[in-house]
Amino acid sequence: MDTRLHLLGIRHHGPGSAASVLQALDLIDPDIVLIEGVPEADDLIHYAALPGMQPPLALLVHGVEDPSLAIFLPYAEFSPEWQAMLWAIRKRRPVRFIDLPAAVSLAVAAQERDFVLPFVEVDGPGLADTETSGPETSADVARPDDDRSSLPGPIDPLDRLAELTGYPDGESWWNALVETRGASTELFRSIEDAMTALRGAEPDRFADDPARRLREERREAQMRLAIRDALKQSPGPVAVICGAWHVPALRQPVPVTTDKAVLRDLPRIKVNATWIPWTDERLAAQSGYGAGVISPGWYRHLWTTYGGTGLASAEAFAAGWQTKVAQALRDAGHSGATASAIDAARLSISLAALRGHATPGLDEMRDATLAALCHGDEIPYRLIERRLFIGESIGSIDESTPQMPLAADLARWQKRLRLKPQALAEQISLDLRSEAGLQKSTLLHRLLIIAVPWGVLVDAGRQRGTFREVWTLSWAPELSVKLAEALVYGVTIEQAAANRSVALAKERRSVGELAGLVRQCLLADLPEAAELCIGALQAAAVNAGDMAGLMQAVPPLVSVLRYGTARPYPESALRALVSALCVEVNAGLYGATQNLADDAARNIHAAIRAYDEALQLQGDSRFTEAFLLELERIAHGASTVALLAGFALRRLHDRGALAGGMTASLFSRRLSPSVPPKECADFLEGFLDGAAQIVAQDRTLLGLVDEWLMAQDEAAFVEILPMLRRSFSSVEAAGRRLLLQALDTPAAGTAKGAPEGTLSPAFDEALPLLLTILGLDGKGLP
């Protein structure tokens, strides 16, 4: 390596590093600028200077055949690489990336599923195929390089330097000496000397991880070869911006044949690259990003204050930060007086001087804020801490920047509907009777179908019809990968959603899942896909053995038919589908309630209740009458599980579908002494079904329950007590009080052998325990 080579070792996303890089580039005035990064993104570099490119942004490189194999290269405005790109574009100098190609890294990742990609965001949905090799520690996030997340041990190399110089850790050492001191061209020689010493002290840091060591060797060999090529092509200086840890290795005079041998016969896959928006939250180390920084918000303040010049005073720097703190406190509803902000700025400068720092750091700012603005109370400070230190920014892409077809279509919809992506969760209410509200809802539902959950539906206004929706929106970078994965279904959001719905309908066999898919298509305004899904659901219903699934499929479809939607839908096909489902349910319901285990019985219980409510909403007497006939068979069935027998009897009683005295007869049979106590408790739970008024108002049933309960011996009572508590847990407090008043009223009788007009003689003695069972804690009596 000759004297024309200038290695600028930096910390990714370091404002002091960025300022020093700009100053060094102005001084060196290189013919070529080389940056650590994947070369597949070279053609995208020149878009960085477009006016609409607002960091934080990231380069997304993903596999063509398997988009879930993906890497992100994030950049903030204070990232040294970003500033180096902009400098080269302004000066019209060649600039390119020199790291190991993503085609190779992702091919290796496909072969080694425990692989950690360098300088890669690997945490979050859509990247399940890349896993971290070990837990990240607080020490890991302090290194100025990009590969901290996979260090083999918890000790950061910079911690050794911090210990020698009196700093608590490597993070504090690097911040104080590099990131908060402004620009310095002398900085890079010092960094290179320090990294050379650290690597010399640990010549084989990855001895316990051969795969990791090989990956590092490949990366550094690739970078050395790229540097040699640049030196051959250019007669002038060559500047290299790379992670500080790599500088000593890139300076070594390794033979060309050795580097080429390391890179020989590596696997490759086809990849695509594009710019995508990034967020402050995902720049932070706490998100799991290996090259993340502790506080993106703090680093942005450093960059905007010094502006790469280092000319701002410490007073201006402190005042600017404390002004932001005061504003954040006011926005959160707390006091943030200007005078207090001035006091906090002065105090932070004094603290920095006492601690031997030229400029206040995070610790000094925090202590000053707590003392002067929060008056020692940490609660207001905690409320604004995330906003201050992490930040809320999300990047934006210039319209002329090439994007994936689905990403471009989504951007067009976002602009048309004025739905700006936000990193923090934001709740919006949509009136589906307006054109704008309906289109926003349609877009969000279509995105859900293609597994891009930008919005989560919180409230669909079911009590008021279906003309209002409340969504919570939150954009995450991983959603860009989801868009890439959905490209196999189409190049527009509508096309991809329709095609994926049809594909899912062909794959799924569950009636419940298919019913949910039909409803999704209707909400996403995909009528043709909805009709195909309806056909698949009808075919599945004919041979379905899952009775719970059949019943659960009916309520959402009946809701659409009853209330309608703001969207067009195939009403005749939907009515035919609901009719077919009801016929199948009513034909097989009795058999599905016989000889069930507890879990299966509870599953059927929830489904049959929802189905019953749907039939009432539908109002079709044909299906209601057939359903009541099935309920009567269930109530009389000897093999019907007790929970469902109780539910069936209660519904028949409410509808007046039983002959006089039949309810009491069946009730008495189910609570007879020959029936195990657990079955009796289950029956009672199904019969009460969340409303105890029926027992309180029917003195005959009340007496039967009282007689059965008082007949239990101590062992049986202890066994059924939890089940009794569960039976009454769904009964509202008013219903419990009504039942207790009925028990305390000597107007009805009926304990066996007791005088007319009284209950069991032991009632007074059992009252405290009864109150506990009812959950009234002694407050139930008037």
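Here goes a summary of the coordinates provided. Everything numeric here is computed off the predicted structure, so don't read it as measured data.

1. With respect to the overall build of the protein chain
When helices and strands are counted, the protein chain shows 33 helices and ten strands. Taken across its 782 residues, the protein chain has 54% of its residues classed as buried. Carbon and sulfur atoms form 52% of the exposed surface of the protein chain, whose accessible area is close to 33100 Å².

2. A few points about the sheet that holds strand β9 (residues 455–459)
On the basis of which strands lie adjacent, the open sheet formed by three strands has the order β8-β10-β9 and antiparallel pairing. What marks the edges here is a single partner per strand, and that holds for β8 (426–431) and β9. In this sheet, neighbouring strand axes are inclined to one another by 30 degrees on average, regardless of whether the strands run parallel or antiparallel. Pairing of β8 with strand β10 (residues 468–473) involves six bridges; the strand directions are antiparallel. Paired with Ser 429 across the two strands is Val 470, which belongs to β10. Of the strands in this sheet, β8, β9 and β10 are in contact with helix α17 (residues 435–449), which crosses β10 at around 55 degrees.

3. With respect to the nonpolar core
Counting 191 residues, the largest nonpolar core has Trp 275, Trp 454, Leu 483, Leu 574, Leu 581 and Phe 667 as its most contacted members. With ten residues, the single largest contributor to this core is helix α22 (residues 547–563). The contact partners of Leu 574, leaving out residues within four places of it in the chain, are Val 518, Leu 522, Ile 534, Leu 557, Val 560, Leu 561 and Tyr 569.

4. A word on the pattern of salt bridges
Per the counting criterion, the structure on display carries 29 salt bridges. Residue Arg 219 is joined to Glu 216 by a salt bridge in which the shortest nitrogen-to-oxygen separation is 3.6 Å. In this pair, Arg 219 and Glu 216 are both assigned in helix α7 (residues 210–233), three residues apart and thus about one turn of the helix distant. Notably, a salt bridge pairs Arg 433 with Asp 431, separated by 3.1 Å at the nearest N-O pair. You can call Arg 433 exposed: its relative accessible area is 67%. When salt bridges with common partners are traced through the structure, they connect Glu 36, Asp 99, Glu 216 and Arg 219 into a single cluster.

5. Some words on the packing of aromatic side chains
One pass over the structure, following the stated rule, counts eleven aromatic pairs. Judged by centre distance (5.8 Å) and plane angle (40 degrees), the rings of Trp 321 and Phe 389 are tilted. Placement of Trp 321 in helix α12 (residues 314–331) and of Phe 389 in helix α15 (residues 378–389) is noted, with a sequence separation of 68 residues between them. Like Trp 321, the residue Phe 389 is buried in the burial classification. Their ring planes at 65 degrees and their centres at 6.2 Å tell us that Tyr 381 and Phe 389 sit as a pair that is edge-to-face.

Conventions and cut-offs
- Residues numbered from 1 in each chain as written.
- Predicted model: local features only at pLDDT ≥ 70, side-chain atom pairs only at ≥ 80, totals over all residues.
- Heavy atoms only, no water.
- Helix = DSSP H or I, 4+ residues; strand = E, 2+ residues; numbered from the N terminus.
- Buried < 20%, exposed > 50% of the residue type's maximum accessible area, 1.4 Å probe, protein only.
- Areas by Shrake-Rupley, 256 points an atom, 1.4 Å probe, with all protein chains shown as cover.
- Pairing = 2+ DSSP bridges.
- Axes fitted to C-alpha atoms, helices over the stretch in contact; angles between N-to-C directions.
- Contact = heavy atoms within 4.5 Å.
- Core = buried A, V, L, I, M, F, W, Y, C linked by side-chain atoms within 4.5 Å.
- Salt bridge = Lys/Arg side-chain N within 4 Å of Asp/Glu carboxyl O.
- Phe/Tyr/Trp six-rings, centres within 6.5 Å; stacked < 30°, edge-to-face > 60°.

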